[in-house]
Amino acid sequence: MDKWLNIATSSKRSCARNPIPSTSTSESDCAVIQDDKVPTKIRKLVRKYDPEYINIGFTVTDVNNEPRPQCVICFEILSNQSMKPSLLNRHLTTKHNALVNKPKDFFIRKLSEMKGTKNIMSSFTGSTEKSVEASFLVSLRIAKSGKAHTIGEELVLPAAKDMVTCMLGEKSAKKLDMISLSNDTVRRRIETMALNVKNQLIDRVKRSEFFAIQLDESTDVTNYAQLMVYVRYIHANTIKEDYLFCEALPTRTTADEIFKKLSEFFAENGLDWMNCVGFCSDGARAMTGKFGGVATKVKSVADSCTFMHCNIHRQALAVKCMPEQFKHVLQETIKVVNFIKSRALNSRLFSKLCSEMGSDHIQLLLHTEVRWLSRGKMLSRLFELRSEVQLFLMETDFELRDRLTDELWITTLAYLSDIFNRINDLNLSLQGKTTNRFSVNDKIKAFIKKFQMINNIISNNHLESFSTLENFVAENSLTVSDDFIEDIKKHCQMLIETFEEYFKEDYSEFLRIRNPFTLDVNNVPENLTISEKECLIELSCDEGLRAEFTKLQLCEFWLKVKNEYPPLSRRALLFLIPFTTTYLVRADFLLCYF
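In this convention, every chain numbers its residues from 1, walking through the sequence in written order. The model is predicted, so local features are restricted to residues of pLDDT at least 70 and side-chain atom pairs to those at 80 or more, both for listing and for counting; the totals for chains, interfaces and linings are taken over all residues. Each side-chain value is derived from all of the structure's non-hydrogen atoms; neither hydrogens nor water enter the calculation.

**Focus: the nonpolar core**
Then, in step 1: Residue types Ala, Val, Leu, Ile, Met, Phe, Trp, Tyr and Cys, when buried and joined through side-chain atoms within 4.5 Å, form a set referred to as a nonpolar core. Any residue under 20% of the maximum accessible area for its type is buried, any over 50% is exposed, and the rest in between are partly exposed; the area is computed with a 1.4 Å probe on protein chains only. Val389, Tyr415, Leu416, Leu469, Ile488, Phe499 and Trp558 are the most contacted members of the largest nonpolar core, which totals 95 residues.
Then, in step 2: Per-element accounting of this core gives the leading share, 10 residues, to helix 15 (residues 407-429).
Then, in step 3: The contact criterion used is simple: two residues touch if any of their non-hydrogen atoms lie within 4.5 Å. When near neighbours in sequence (up to four residues on either side) are disregarded, Tyr415 contacts Phe326, Phe466, Leu469, Phe484, Ile488, His491 and Cys492.
Then, in step 4: Listed in part, the 30 residues of the second largest apolar core include Val229, Ala255, Phe265 and Ala302. By definition, any uninterrupted DSSP run of H or I lasting at least four residues is a helix, any uninterrupted run of E lasting at least two residues is a strand, and each is numbered from the N terminus.

Okay, structure coming up:
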C-alpha cells in the first residue's frame with residue numbers, strides 16, 4: 001500500500017481541521033528541499049498533503065519521491081503545485097460537478113475502492129501481462145491467416161482450453177479464461193500491431209538518406225480503385241523493401257487523384273519528397289504523361305527523382321508482336337481452353353476423363369492478361385493434355401474440335417509453348433529484391449543475343465532451341481515446312497526488334513559503379529569532380545576492398561564504403577536504389593483479387 005499512498009505523519013506540522021481547508025497556504029504547508037547539486041540559494045518548495053483534502057475527493061500518491069494529489073473518482077494524478085484546496089476544488093467542480101455536495105464518507109468509500117482495485121491489479125500484474133501478450137500473439141496469427149476475427153473466440157480459445165485440460169488439467173485450463181479473444185479485441189490488437197509496424201517503417205524511411213517508391217493502381221472485385229505503394233530504403237547498411245500503404249481512390253484514377261493521395265500520405269507522416277530518388281510505375285498515361293502525369297508531378301517536388309518504366313510491363317508489351325499465323329493459333333488455344341474451363345459440366349467431365357486415362361494433370365489452366373506467366377503455362381498444359389482434349393472435343397459440336405487433329409496446328413502449339421516458356425523465364429529473372437538496372441539490362445541483352453543466335457541457326461532446321469517442338473517432330477516423324485521455319489525466323493526477328501525498341505538504356509558510363517576496380521586511369525569519367533576522381537582512383541587500387549567486393553552484393557559494397565568514400569557511395573546508391581519493376585505491387589494485387 002505504501003507504493004500507492006505516501007501520507008505524511010510525524011513530519012507534518014499541525015494544520016487547521018476545517019471541513020474544507022482554507023485556500024491560503026502558509027509556510028507550514030510546505031517543506032523546503034535543498035539539493036546539494038544546486039546553489040544553496042535555490043530552493044524548491046514541495047507542497048504537502050493534508051488529510052482533509054479527502055473532503056474534496058483527493059488522496060495522495062508518491063511520484064519520484066514527491067507527493068502528488070490523486071483524484072479518487074477518475075484516478076487522475078495532478079502536479080505537486082496543484083496541492084492547493086482551490087485547485088483541487090476546481091478539478092472536482094469541473095470534471096465531477098455532480099459530486100460536489102457529496103459527504104466525506106462517499107469519498108472515503110471511493111478511496112477504499114481505489115485501493116482495492118490497485119491491490120488486485122498488483123497481485124495479477126504478471127498474469128495480466130501474459131494474457132495480453134497471448135492475446136496479441138493469437139491475433140497476429142489470425143491476421144496472417146486472413147481468417148475472420150471471430151475465430152479466436154469461437155474456435156482457437158475453446159480448442160486451446162480442451163488441449164490444456166487434457167494435457168495439464170482443468171486448473172491450468174482456467175487460466176486461459178484471462179485471454180481476451182473477442183471480435184472487437186482481436187480487431188483492436190491487429191490495428192495496434194499494424195500501427196506499430198507502420199510507425200517503425202515510417203521512422204526507418206525518415207532515417208534513410210534517400211528512398212525510392214514503386215506504385216500502381218488497380219480495380220478490385222468490388223469495382224473500387226486501389227492505389228498500392230512499396231518503398232525501398234536504406235536500413236542497417238542494407239537495402240530494404242517494404243509495403244508502404246494502400247489507399248482507395250474514391251472517384252477517378254487520374255494523375256491528380258493519384259498524386260494527391262501520395263502527397264497526403266507524405267504530409268501526414270512527415271516524409272520529405274526531396275529524399276525520393278526513384279519512382280517506378282507502368283506506362284499508363286496517368287503515370288507517364290509528359291505534362292500532367294504522376295511522374296511529372298513527382299519530379300516537380302523531387303528534383304533528383306528518376307522515373308523508371310517497369311521493365312516487366314515493357315517486356316509484356318514487346319512480346320505481343322508475332323506473325324498472324326501464330327497469333328491466330330494462340331487465339332484458338334484460348335477458345336479451346338475457355339470452352340472446357342468456363343463451363344462447369346465440361347470441366348467436371350474433362351477432369352473425370354483425365355483421371356480415367358491416368359494423366360499427370362486433370363485440369364487445364366486459364367490464360368489471364370494480368371497474370372504475367374499464365375500464357376506460357378496455359379500453352380504448356382494444353383500441349384501436355386492434347387490427347388485428352390482431342391478425345392473430349394470429339395464428343396461435342398465445338399467449332400474447333402478438329403484442331404487437335406491438325407499436325408500443323410499442334411506443331412505451332414508446341415513452338416508457342418517453347419517460346420512463351422522462354423519469355424516466362426525472362427520475366428521471372430527480372431523479379432527479385434536484389435534487382436537493379438545493371439542486372440535487368442544484362443538479362444535483356446542476353447535474351448536479345450540468344451534470339452539473334454536462334455535466328456541464325458533455325459534456317460538449317462536446327463530445332464534444339466525449342467525442346468518441345470523438337471521432341472514432337474521427332475516422335476511423330478514430321479517434316480517442318482519451309483514456310484513454318486520462315487514464320488519462326490520472322491517471329492524471332494520481331495522479338496529482337498521490339499525488345500531493342502523498348503529497352504534502349506545504355507549504362508556503359510556507369511561501369512565504375514558496377515566494378516570500380518577495373519577503372520582505366522586514362523579514361524576516368526568526366527562528370528566527376530577532381531576530388532571524386534581522386535577518391536575513385538584510390539578506391540580502385542585498394543586490394544582489401546577488392547577482396548570484399550567479390551563477397552558482397554553491389555548495394556552492400558557501396559553501403560560498406562559509405563563512410564570512407566561518401567561522394568562515390570552516394571552517386572552509386574542514387575543509381576542502384578530505384579525500383580526497376582513493379583512486381584511487388586502486381587503480385588499483391590493478384591494475391592488479393594484472384
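**A look at the side chain of Asn80**
Then, in step 1: Relative to the elements of secondary structure, Asn80 occurs in the loop between strand 4 (67-71) and helix 1 (85-95).
Then, in step 2: Residue Asn80 is classed as buried on the basis of its relative accessible area, which comes to 3%.
Then, in step 3: Among the polar contacts made by the side chain of Asn80, one reaches the main-chain amide nitrogen of Arg47 at a distance of 2.8 Å.
Then, in step 4: Polar contact criterion, stated in full: a pair of N or O atoms within 3.5 Å, where within protein one must be able to donate a hydrogen and the other to accept it, and residues adjacent in sequence count only if both atoms are side-chain atoms. Side-chain polar atoms of Asn80 contact the backbone oxygen of Pro67, separated by 2.8 Å.
Then, in step 5: If near-sequence neighbours (up to four positions away) are discounted, Asn80 is found in contact with Leu45, Val46, Arg47, Glu66, Pro67, Arg68 and Pro69.

**Digging into unusual backbone geometry**
Then, in step 1: Here Asn64, not a glycine, exhibits a phi torsion of approximately 55°, which is positive.
Then, in step 2: Assignment of secondary structure puts Asn64 in the loop between strand 3 (58-62) and strand 4.
Then, in step 3: Here the phi dihedral of Asn65 falls at roughly 60°; this positive angle occurs in a residue that is not glycine.
Then, in step 4: As for its placement among the helices and strands, Asn65 is situated in the loop between strand 3 and strand 4.
Then, in step 5: Asn65 sits in the exposed class, given a relative accessible area of 71%.

**Examining the sheet that holds strand 5 (residues 211-219)**
Then, in step 1: A sheet is described by the order of its strands in space; here five strands give the open sequence 7-6-5-8-9, paired in mixed fashion. The strands lining the two open edges of the sheet, one partner per strand, are strand 7 (238-249) and strand 9 (306-309). Between one strand axis and the next, the sheet turns through 20° on average, direction left out of account.
Then, in step 2: In the sheet, strand 8 (residues 276-281) pairs with strand 9 via four bridges, with the strands oriented parallel. Pairing of Cys280 across the sheet is with Met308, part of strand 9. We call two strands paired when DSSP finds no fewer than two bridges between them. Under this scheme, a helix contributes an axis fitted over its contacting stretch, all axes are lines through C-alpha atoms, and angles between N-to-C directions fall in the 0 to 180 degree range.

**Looking at the packing of aromatic side chains**
Then, in step 1: Ring pairs shown here join Phe, Tyr and Trp side chains whose ring centres sit within 6.5 Å, with only the six-membered ring taken for Trp; geometry is labelled stacked below 30 degrees between planes, edge-to-face above 60, and tilted in between. Considering all chains together, one arrives at 26 aromatic pairs under this definition.
Then, in step 2: The interplanar angle of 50° and the centroid separation of 6.0 Å between the aromatic rings of Phe211 and Phe266 together place this pair among those described as tilted. A residue pair is termed long-range when its members are at least 10 positions apart, and Phe211 in strand 5 and Phe266 in helix 7 (residues 255-268) qualify at 55 residues.
Then, in step 3: Exposure remark for Phe211: the relative accessible area of 1% places this residue in the buried category.
Then, in step 4: Among the residues examined, Phe266 registers a relative accessible area of 2% and is labelled buried.

**Comments concerning the layout of surface pockets**
Any space left empty among the atoms is revealed by the rolling of a water-sized probe across them.
Then, in step 1: Considered as a void within the structure, the largest pocket measures approximately 540 Å³ in volume.
Then, in step 2: Lining of the largest pocket is provided by 22 residues; of these, Ala194, Val197, Lys198, Tyr243 and Leu244 occupy positions nearest its centre.
Then, in step 3: Listing elements by their share of the lining of the largest pocket, those giving two or more residues are helix 3 (125-145), helix 6 (183-207), strand 7 and helix 7.
Then, in step 4: With eight residues, helix 6 is the single largest residue contributor to the lining of the largest pocket.
Then, in step 5: Ten residue types, Ala, Val, Leu, Ile, Met, Phe, Trp, Tyr, Cys and Pro, are classed as nonpolar, four, Asp, Glu, Lys and Arg, as charged, and the remainder, Gly among them, as polar. Grouping the constituent residues of the lining of the largest pocket by class yields 13 nonpolar, one polar and eight charged. Here a cavity denotes a set of grid points, spaced 1 Å apart and computed over the protein atoms alone, in which a 1.4 Å probe fits but from which it cannot get out, and a pocket denotes an open set meeting protein on both sides within 12 Å along at least five of seven lines; residues with an atom within 4 Å of a point are reported as lining. Grid points are joined across faces, edges and corners, and a volume is the space filled by probe spheres set on the points.

**A word on empty space enclosed by the protein**
Then, in step 1: Counting across every chain of the model gives two cavities of 30 Å³ or more.
Then, in step 2: Computed from the structure, the largest cavity encloses a volume of approximately 60 Å³.
Then, in step 3: Residue lining of the largest cavity: Met308, Asn311, Arg314, Arg437, Val440, Asn441, Ile444, Phe503, Glu505 and Tyr507, and that is the complete set.
Then, in step 4: When residues of the lining of the largest cavity are traced back to their parent elements, those giving at least two are helix 10 (311-318) and helix 16 (437-457).
Then, in step 5: Forming the walls of the second largest cavity are Arg512, Ile513, Leu536, Trp558, Leu568, Arg571 and Ala572.
Then, in step 6: Within the residue set of the lining of the second largest cavity, elements represented by two or more residues are helix 19 (511-514) and helix 23 (566-576).
Then, in step 7: If one sorts the elements of the lining of the second largest cavity by residue count, helix 23 sits on top with three residues.
Then, in step 8: A per-class count over the lining of the second largest cavity returns five nonpolar, no polar and two charged.

**Description of the environment of Ile577**
Then, in step 1: Looking at the secondary structure, you find Ile577 in the loop between helix 23 and helix 24 (583-593).
Then, in step 2: Taking the C-alpha atoms as reference points, Ile577 and Thr434, 143 residues apart in sequence, are found 9.9 Å from one another.
Then, in step 3: When neighbours within four sequence positions are excluded, Ile577 is seen to be in contact with Phe210, Phe211, Ala212, Arg232, Ile234, Ile239 and Val277.

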